[in-house]
Structure formats: structure tokens, C-alpha cells
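Report on the structure
The residues making up each chain are set out below.
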Protein chains: 2
Amino acid sequence: MTLSNDQRVALIQLLGARLSERQADRDHHAGTEAHHDPAPPDAVAWPETTEEVAAIMRVCNAHQIAVIPHGAGSSLEGNTSALRGGLCIDLSRMDRILDVRPDDLDCTVEAGVTREALNTHLRDTGLFFPIDPGANATLGGMAATRASGTNAVRYGTMRENVLNLTVVTPEGEIMRTARRARKSSAGYDLTHLFVGSEGTLGVITEVTLKLYGRPEAVRAAICTFPSPDAACQTAIAAIQVGLPLARVEYLDEGCIRAVNAFSHLNEVEADTLFIEFHGSEAGVKEQVDMFKDIAEMNGSANFRWAERAEERNSLWRARHSAYTATVNQRAGCRGWATDVCVPLSALPDCIDHAKGLLRDCPVPASIMGHVGDGNFHVVFSVDPAAKAELDIVAKINEAMVAKSLSCDGTCTGEHGVGTGKRKYMQDEHGPALTLMHRIKGALDPVGIMNPDKVLPPLKKAAA
Amino acid sequence: MTLSNDQRVALIQLLGARLSERQADRDHHAGTEAHHDPAPPDAVAWPETTEEVAAIMRVCNAHQIAVIPHGAGSSLEGNTSALRGGLCIDLSRMDRILDVRPDDLDCTVEAGVTREALNTHLRDTGLFFPIDPGANATLGGMAATRASGTNAVRYGTMRENVLNLTVVTPEGEIMRTARRARKSSAGYDLTHLFVGSEGTLGVITEVTLKLYGRPEAVRAAICTFPSPDAACQTAIAAIQVGLPLARVEYLDEGCIRAVNAFSHLNEVEADTLFIEFHGSEAGVKEQVDMFKDIAEMNGSANFRWAERAEERNSLWRARHSAYTATVNQRAGCRGWATDVCVPLSALPDCIDHAKGLLRDCPVPASIMGHVGDGNFHVVFSVDPAAKAELDIVAKINEAMVAKSLSCDGTCTGEHGVGTGKRKYMQDEHGPALTLMHRIKGALDPVGIMNPDKVLPPLKKAAA
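For clarity, every value in this text was computed on a predicted model and none was experimentally measured.

**Here we look at the overall build of chain A**
Scanning chain A for helices and strands turns up 17 helices and 19 strands. Computed over C-alpha atoms, the radius of gyration of chain A comes to 22 Å, within 12% of the 23 Å expected from 2.2 N^0.38 for 463 residues, which places it in the range of a compact globule. The buried share among the 463 residues of chain A stands at 58%. Looking at chain A alone, contacts between residues at least 24 apart form 72% of all its contacts between residues at least 6 apart.

See the structure below:
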């Protein structure tokens, strides 16, 4: 599918030079952050206001042009690839921070604001926005993907932190999903319907987010364990006794090895937890003591504190480099990240199962996880041209998903569905998939919003 | 509308004696907890399993019988009245606690289990379910109404505490809205769509809930203030500095007077905060000291601790009696509770505005509020037969809603929409109301689920 002359004219009238059909721009928006095949759109638009997005949607609706909303392009499941061509709406120029309300602990930003830009802006307010998926994603993209990351265990995911959204419907109508009150029981929860909808129901153009006061005290630590199980049991026990950990991240031996090589560090190459505590001075001290007791009972030996902010930042930079460090173990390769999330009690068994699957894996692989949430990733370094190894990794992913579903877990804790996880939706949701199709049909009747994403075709026709 | 012979036969075949058309049973399910006009169903069914609910729905779908799901009947906005007759599905016999999983801090219960029954069952596990709307509502009803109450400020509302639901669709299909993992980004958020849908999209038959470890230390206190503003500013400042208050409840002078009379207490009749702290011994002590400082800066004089569990329980019994105490100030009267919720910074102004509206109010009225969430109620004692006073209260309610909406607040923080708040949905949601109608049309195409609730007719035909 390419744009017809009529379609092109209509869009150029609207956007002028902020519409591009250049190959470089199209390739840059082909959804290729991970191992997925590139699928470039026919054109890319850079709107600057919600009203402009609405005008674009009215043209696309009238001409039945497929539309793919695009933030930073950092999603990992082909979420923004243009499988049927069409128009990519790149929201990166909608990067204004519209309002910060310290008294209400919230803010409203345009969808193209990145989480780092927001936190830089908040620097002098004593507030911060905690959700941290690693990549410097846009807040609109994070909402659309229901993203989370290292400190969801304390602050929740985007699901828990979006107060309302401004969305543009496929027909080009502008609406707000909710008011700014912290609680409401006024009708259907449209906010949560759009959070995680991955651009398949409309375009998110503004996001109102909860903010948090910077904790008085922050303490981070690293400690190693004799086994993956010992590390997991430590995290689980800490959650079960109610320790309000801000972060509790597991990295396996191979992951630490990759991080050491990539970041020129010298961490002990063993099953490791990275932990962070937030609170008052006294509260953090109390948490630390309790956590240390639990870790020692599980055989942890070398507990190391990162007392100063620089040490702490260096520790978290190392954690955040884990994906790239793993992928970069082979030149010219790309990442493939699994993303299961299971009830906490099933986590050690699922990690053990994954370890078993990796035993004969021919490509470098690291395990890293937000273990306080029951969520972990295996990251592989794959050659996208080597079909044989892609097949092997695909089979491991499939086995991990099957294991997760058998434990009442999900195939995707925080990366979304995109194209990569579509094939698991039927097994994960069963008959509920029919309801999702009905909702899609009701909100995007022409079917132009990010087509062929999230929902697989129903096995039989929808009722 | 009454049941036809065919309809009656089909339902009796299914339910036998668990179907009743007796006037007493119908009147008992007429949705009259508050001031709303009774609207009894034609019949009441008491299913005992999800499969039985599905069978009932298939009959009702085939015969186009209106269906009203019913929990404890404690909702306040006519949420369960049978405006078009039809069949009330009373879920109170579905009262099994199906599974408690201490390791995962969650449980699964049938929809008819009450919150008190669940907490009694959990007594020996060290766990509890915090959401506490006052009434001993069913957990299915609380999910359907997106209920909350006194400790939402710490633990969130039903929105934050339901992990998944089993629902029966209008066509009689059984499905689960999500898996049990704490996080997921696998498609549309059906759980949150059904939470707060008030039985208009399907019947909730099972609820999986988050549980929490009982805090090591619990401390409650009561303190009075020279003005409503001083009390509010204290609560707001405590939230802004990040104090993890478990409860912070405002009661105005008139409310304390009513509680004193009703519960034979002797509290100082002044603007008052009831507060509760949860945490470790040291953590609670720290919170208490900080809170006391903030309260004293706002002019609070008499701070009184309820150290022992009995004192604490008596304090919260007094708080929970506030609704009944207010209503009972006049014999034969019923309650009418407003329920606005606004961004925190707007709360003092909104309470001041409400106080102004109450100045010439001819019926007893109390203000009580979950002020840490920006949510408060004016409770009136009204004579349902006295049209003139109902009109006055209706006007006050309308003015409070208008004020709340002008502050980006909601007309209903936790009571739901039912019939009472339907008329405000257009003003609150604007064009987003169209999306809600589309969702309703997609999930309940025949329109049998709790008809004429939540969504008002659209001003123009839905697109």
C-alpha cells in the first residue's frame, strides 16, 4: 500500500514540510528496535498540536489510511512497525510540559515528552516521576505500551500512574478520558482502556501523571547469591514481609559478565540483586537492616552499599546497560527480549525453567528481572539474518510463555503485544479475546489504527 | 414490564425454588438504600455458581429480559433499582472464598462474599483486605461500583486492588478478564473496564484481590481544628510531604454532634480529623511526630491517641456510624449523600463552598470526607415524601457537582453513577461519553444489562 495522489495532497495541505516520504525518514520509523523485520510507513507526519493530530485523523479516516502513532520508537515488540504501510504520526515534536502542579502531585505533558525530559524539568521542585523502563521513552509511548520497569514494585506501572489522557479518536474527535481527581466512579474507565492499547484505539496526545516527592533518603545496594533461587527467595520474602523496596532487580551470572565487559566494571560474576530503598533516614535504615537479614538467611555474602549518589547512579547505569551489554556481545547483532510475568510464588520455578532452556542455547543470553513483580526477561543477542538461531530463540520464548501461562502468568509484563506477542493472545485470554475484538470494532470501526497489532484474528467470526 | 409465561417457565426450569416473584423479595431488591424511588424487579434469582449465572443469562438474552446484578444492596445511587422490571440476580449465595494465596498476597472469592466475611476468614493468616466503604458490601458489588472508603489514601480503591474478574457476558459466556500476574501489558484492560461498570456490561461472579500483610503497628488519633480549612490544610500538607497515612477522615462540627448523640459519645463538637497510621513501630512513631507537628502548625489543640485496639475500634465505629447518625436525626427519614472528589488543592475551597450552601438548608446535614483523596460527602437526612426538601437538597447537590467539575473533579468519587448521577455524565465526560456508549453497544448489544443506568441517552445519535 502506498499513498494515492489524493491522500498525499490532503496530507501535504495540512502539514507542508512536516510530512515526509523520504526513505530515510520511513526507515527510521519501521519499528526495528529489536529483532523484528522492518516495516516502514509510506510517510511520516510530525504534528505539533492535538488539533493537528485531529485534522490528520480526519484525513486518514476519510481516505482509509492506516495510522501508526510513534513515540521514541524504543518499544521491543514491533509495536510501531507499519505492517500495511500508511502514515506514521511521530509525536516527538509534541514535547511541551503543559502544567506541573506540586500541590496536587501531578502534571500534564504532551505525549512526546520523554521521561528524562520530565524529570529534568522537575529537578528543582522536589518531585519526580518514577516509572523507568530503561530506554528514554516518551510518556505517551509508555502509556500506550503500559510500560513499567525497575521501580514498579514500589510506584506501580503506567497503569497506576496515569490520571487521564487526551486522545484523538480515529474519526478525529478530541476527548479526555477522565478528570484529574485521584478517585472517581463515574462510568467506564476509558483511561485504563487506552493505557496499553498500543495506538490501536486512537492517538494519545496528552498525559496527566501522578508525581511523587523525592524521598528524603535513598540507599542502593548490590549483593550476590549462591543460586538464582536464593536471589529470588530473598526478593520474594522481602515483598511478603511488606518491605517497601523501591527496586529489586535480579541479574544472572551471564548478565553480570556482559555488564562487566561492556561497562568496564569488576562486579562478582554471580547471581546478583540490585536493590534500592526510599524513605526517611530512619525508615531506610530499618528497611536495610531487615533486607540484609533476609539476604543473609538466603546465603548472600558480599553486601555492598552505594552510599553516595554517584556510586548509586553508576550502579543503576550498569543495570540499565544490561540489555545493550548482552546484545553487544556479538557484533552486528540485535536484541530479543522475553517478558513473562508470573505470580510471585511461581517465579523461582519459572527462572529455573528458563535456565534449563538456555543450557544449549547457541547465542549469548542474559537473565534480568524486576523480581519484586514476578517479571523477568531473557535477553538474547541474535543475528536477524540467521534463521536457524532465530528459530531456536523463538522456541525458547514460546516455551517460556507456555510455562508462564501454566502458572497464571502473562506473556508480556511490560513490553506490550505489538506483532511479537500477538500469537499468544488467544491462549492468554481465551474467550475474553472476543470482547477485545468487539471493543476494537466499536472504537475503530474502519480499522485504520495501527492495524494487525495486539489482537490476532479470531479463530471464528466475532459474534 | 412483567415476565411472560414463557420467560417464567424457562427461569423456573433452571432455578426451581431459587427464583422468587414474591412481593417481599421484589421489594427487598428495589434499590432503595438511599433516597431513590423503589423500583422492584419482576423476579429475583439466587444462583449458586458461575455456570448457573451463565445459564440465566442465556435465557434472559434469548427472551430479552432485563438483568440487574445485586450484591448486598448497600449502594447509594439507585445502582440496583430495576427501572424496567426484569430479573434481579442476587449473588449473595455465591459466598465461597475459593482460594487464599499468602505467598502471592492475593485471593479469589465469589462475588457474594462480603468484605467483613473475607477479613474474618483471613484473621489467622496475618493478611487483610483493606478497602472499607463502611457498609458490609459484597466484594463483587464493590468491584462493580469501583468502591473505596476510609483507607483508599494508603491502599487505593477497588480499581487498584482487583487483579482479575470472572464475568458472565450478556450472551452467557464465561470469561476471565486477566491473569493473576501483578503486571501485564497483554492487550486491552478488561479488568478495569468491568470495575466500575455497575452491572451494565456483564455479571461479575468472581473477584481476585490483592491482600496486604497486617501492619506491625497501627496507631489511630483524633484531633480538632479551629476551622474546616485548618483541618483540610493539615491533611493536604501531610499528603504533600509524603506521609503514608492509612486513613485521614474529616468530620465537621455537625457530624460530630450527630455521632455524639447516636453513639453516646462525648467528642468535642468541632472540625475534626480521624487519622490512622500503619507501619513498623519506629515508622509509625516517625509518622505520628510529623503529623502532630503539621496539625499543631494548623492550630490543632487536643490531639488524642487511641493506643489500644478497643479504643481504636470504637473510634472507627464512631466514624462509620456518621452516615446513620446523621440520617437518624429525624425519625422516618432516609439518607442522601453527595460524593464529589477533586484535586487536593481544590478541596478547602470546595468544602467552604459546600458549607455556604448548607447555611440555609432546612434538613440536618453533616460533612464527612476522605480528605486525603480530595473526596468528601455531605449527608442529608431527608423525608422521601417531602418534595420541597428533596428539591432543596437536589439543588445543593447540583451546585456541589458543578463546583467540583469546575475544579477538574468528578461528581462521584466512590458511590458510582446508578440513576442518581446519570444526569451529570455529559458535563463530566463531554465527547468521551460517546465512547462509553459505543462500548456499551459492543458488549451489551441487546441492552439487557442493568438498563437505564450509568450512561444517559446521548444528546444526538451515536456516530
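Now, onward.
**Overview of the domain arrangement of chain A**
If you check the domain split of chain A, you get domain 1 (5–92), domain 2 (94–213) and domain 3 (217–320). Placing a centre on the C-alpha atoms of domain 1 of chain A and another on those of domain 3 of chain A gives a separation of 42 Å.

**Topic: the sheet that holds strand β10 (residues 203–210) of chain A**
Residue and element names in this part refer to chain A. Taken in spatial order, the 5 strands line up as β5-β6-β10-β8-β9 in an open sheet, and their pairing is antiparallel. Of all strands in the sheet, those bounded by a partner on one side alone are β5 (97–101) and β9 (174–176). Here the strands of the sheet are splayed against their neighbours by 10° on average, with no regard to which way each runs. Note: β5 against strand β6 (residues 106–110), 4 bridges, orientation antiparallel. Following the sheet pairing, R101 is matched in β6 by D106.

**Description of the interface of chain B and chain A**
Every contact between the two is made by 75 residues of chain B and, on the other side, 75 residues of chain A. Of all the elements in the fold, those that place two or more residues in the side of chain B that touches chain A are β9 (174–176), α8 (190–194), α11 (281–297), α16 (425–429) and α17 (432–443) of chain B. For the side of chain B that touches chain A, the leading source of residues is α17 of chain B, giving 8 residues. Tallied by class, the residues present in the side of chain B that touches chain A amount to 28 nonpolar, 27 polar and 20 charged.

**What about the pairing of strand β12 (residues 217–225) of chain A?**
Residue and element names in this part refer to chain A. Counting buried positions along β12 gives 7 out of 9 residues, so the element sits mostly inside the fold. As defined by bridge partners, β12 adjoins strand β14 (residues 271–279) across 9 bridges and the pair is classed as antiparallel. For F225, the partnering residue across the bridge sits in β14 and is D271. Of the strand pairs in this sheet, β12 and strand β15 (residues 303–306) are connected by 4 bridges, and their pairing is antiparallel.

**Some remarks on the relation of the copies chain B and chain A**
For these two chains of identical sequence, chain B goes onto chain A by a turn of 180° and a shift of 0.0 Å along the axis, with RMSD 0.0 Å. The transformation relating the two chain copies, once decomposed into turn and shift, fits a two-fold axis. Both copies contact each other with a shared surface, as 100% of the interface residues of chain B are interface residues in chain A too.

**Topic: the environment of C255 of chain A**
Residue and element names in this part refer to chain A. Tracing the chain through its elements places C255 in helix α10 (residues 253–263). C255 sits in the buried class, given 26 other C-beta atoms within 10 Å. Measuring from C-alpha to C-alpha, the distance between C255 and D444 comes to 42 Å, with 189 residues separating the pair along the chain. In this structure, C255 is in contact with A322, T326, S366, I367 and M368, ignoring residues within four places of it in sequence.

**Considerations on the pairing of strand β10 (residues 203–210) of chain B**
If a strand is regular, its side chains alternate between the two faces of the sheet. Residues and elements named next belong to chain B. The element β10 is largely enclosed, with a buried count of 7 among its 8 residues. For strand β6 (residues 106–110) and β10, the ladder comprises 5 bridges, and the chain directions are antiparallel. Paired with E110 across the strands is E206, a residue of β10. With 6 bridges joining them, strand β8 (residues 162–168) and β10 adopt antiparallel strand pairing. When the bridges of β10 are listed, V168 appears paired with V203.

**As for the packing of helix α1 (residues 5–15) of chain A against helix α3 (residues 50–63) of chain A**
Residues and elements named next belong to chain A. Running from amino to carboxyl end, α1 crosses α3 at an angle of 170°, the nearest separation of the two axes being 10 Å. One finds that α1 runs roughly antiparallel with respect to α3. Packed against α1, whose contacting residues are D6, Q7, A10, L11 and L14, the element α3 presents A55, I56, V59 and H63 at the interface. Of the residues in the contact of α1 with α3, the class split is 6 nonpolar, 2 polar and 1 charged.

**A word on the sheet that holds strand β2 (residues 43–45) of chain A**
Residues and elements named next belong to chain A. Ordered by their spatial adjacency, 4 strands build an open sheet running β1-β2-β4-β3, and the pairing between neighbours is mixed. Across the chains shown, the open sheet's two edge strands, defined by having one partner strand only, are β1 (19–20) and β3 (67–70). As paired strands, β1 and β2 are joined by 2 bridges and run antiparallel to one another. Bridge pairing in β2 places L19 opposite A45. The strands that α3 touches are β2, β3 and β4 (87–90); relative to β4, the one it contacts most, it runs at about 170°.

**Quick look at the environment of A34 of chain A**
Residues and elements named next belong to chain A. Relative to the assigned elements, A34 resides in the loop between α2 (23–28) and β2. Judged by local crowding, A34 falls into the buried class, with 24 C-beta atoms found within 10 Å. Residues A34 and V382, 348 residues apart in the sequence, show an inter-C-alpha distance of 9.4 Å. Excluding anything up to four places from it in sequence, A34 contacts L76, R334, G335, W336 and A337.

**Quick look at the packing of helix α11 (residues 281–297) of chain A against α11 of chain B**
Running from amino to carboxyl end, α11 of chain A crosses α11 of chain B at an angle of 170°, the nearest separation of the two axes being 10 Å. As far as their axial angle goes, α11 of chain B and α11 of chain A are roughly antiparallel. Taken together, the residues of α11 of chain B that come into contact with α11 of chain A (itself represented by A282, G283 and E286 of chain A) are A282, G283 and E286 of chain B. Broken down by class, the residue content of the contact of α11 of chain A with α11 of chain B amounts to 2 nonpolar, 2 polar and 2 charged.

**Considering helix α9 (residues 228–240) of chain B**
Within an α-helix, residues lying three or four positions from one another point in the same direction, as the helix has 3.6 residues per turn. Residues and elements named next belong to chain B. A rise of 1.5 Å per residue sets the reference length of α9, with its 13 residues, at 18 Å; its end C-alpha atoms lie 18 Å apart and thus fit the reference within 8%. Turning to α9, its buried residues are P228, A231, C232, Q233, T234, A235, I236, A238 and I239. Where α9 is buried, its residues touch β12 (217–225), β13 (247–251), β14 (271–279), α11 and α14 (347–358). Downstream of α9 by a residue or two, G242 has a phi angle that is positive, lying close to 85°.

**Things to note about unusual backbone geometry**
Across the chain, the bulk of peptide bonds are trans and the bulk of non-glycine residues have phi less than zero. All names here are of chain A. Of note in this structure, R146 is not a glycine but carries a positive phi near 55°. As for its position among the elements, R146 is in the loop between α5 (139–145) and α6 (152–155). Owing to 28 C-beta atoms within 10 Å, R146 belongs among the buried residues under this scheme.

**Some details on the confidence of the model for chain A**
On average, chain A scores 95 in pLDDT, and the residues at 70 or more come to 99%. Two numbers describe this predicted complex: its pTM, 0.97, and its ipTM, 0.97.

**Concerning the environment of R96 of chain B**
Along the polypeptide, R96 of chain B turns up in the loop between β4 (87–90) and β5 (97–101). Residues R96 of chain B and G112 of chain B, 16 residues apart in the sequence, show an inter-C-alpha distance of 7.8 Å.

Definitions and cut-offs
For every chain, the first residue of its written sequence is number 1, and the numbers climb from 1 along that sequence. Following the order in which they are written, the chains are lettered starting with A and the ligands numbered starting with 1. With pLDDT at 70 or above as the cut-off, local features in this predicted model cover only qualifying residues; side-chain atom pairs require 80 or more to be listed or tallied, and sums for whole chains, interfaces and linings still use all residues. Helix and strand definitions follow DSSP, with helices as H or I runs of at least four residues and strands as E runs of at least two, each counted in order from the N terminus. All radius of gyration figures rest on C-alpha atoms, and the globule criterion is 2.2 Å times the number of residues raised to 0.38. Once C-beta atoms are placed from the backbone, each residue is buried if 20 or more other C-beta atoms lie within 10 Å of its own, exposed if 12 or fewer, and partly exposed for counts between those two. For every residue pair, C-beta atoms are placed from the backbone, and the pair is scored as a contact if these atoms sit within 7 Å. Note that the domain bounds were set by an automatic or database domain assignment. One requirement defines pairing of two strands: DSSP has to find at least two bridges between them. Here, axes are lines fitted to C-alpha atoms. For helices the fit covers the stretch in contact, and angles between N-to-C directions go from 0 to 180 degrees. Gly is put with the polar residues, along with every residue not named as nonpolar or charged; the nonpolar set is Ala, Val, Leu, Ile, Met, Phe, Trp, Tyr, Cys and Pro, and the charged set is Asp, Glu, Lys and Arg. To line up the copies, we fit them by least squares on C-alpha atoms, keeping just the residues with pLDDT of at least 70 in both. Every angle not falling under 35 degrees, over 145, or within 65 to 115 is termed oblique; those three ranges are roughly parallel, roughly antiparallel and roughly perpendicular. To estimate how far a helix should extend, the number of its residues minus one is multiplied by 1.5 Å. Confidence of the predictor in every single residue is expressed as pLDDT, which spans 0 to 100.

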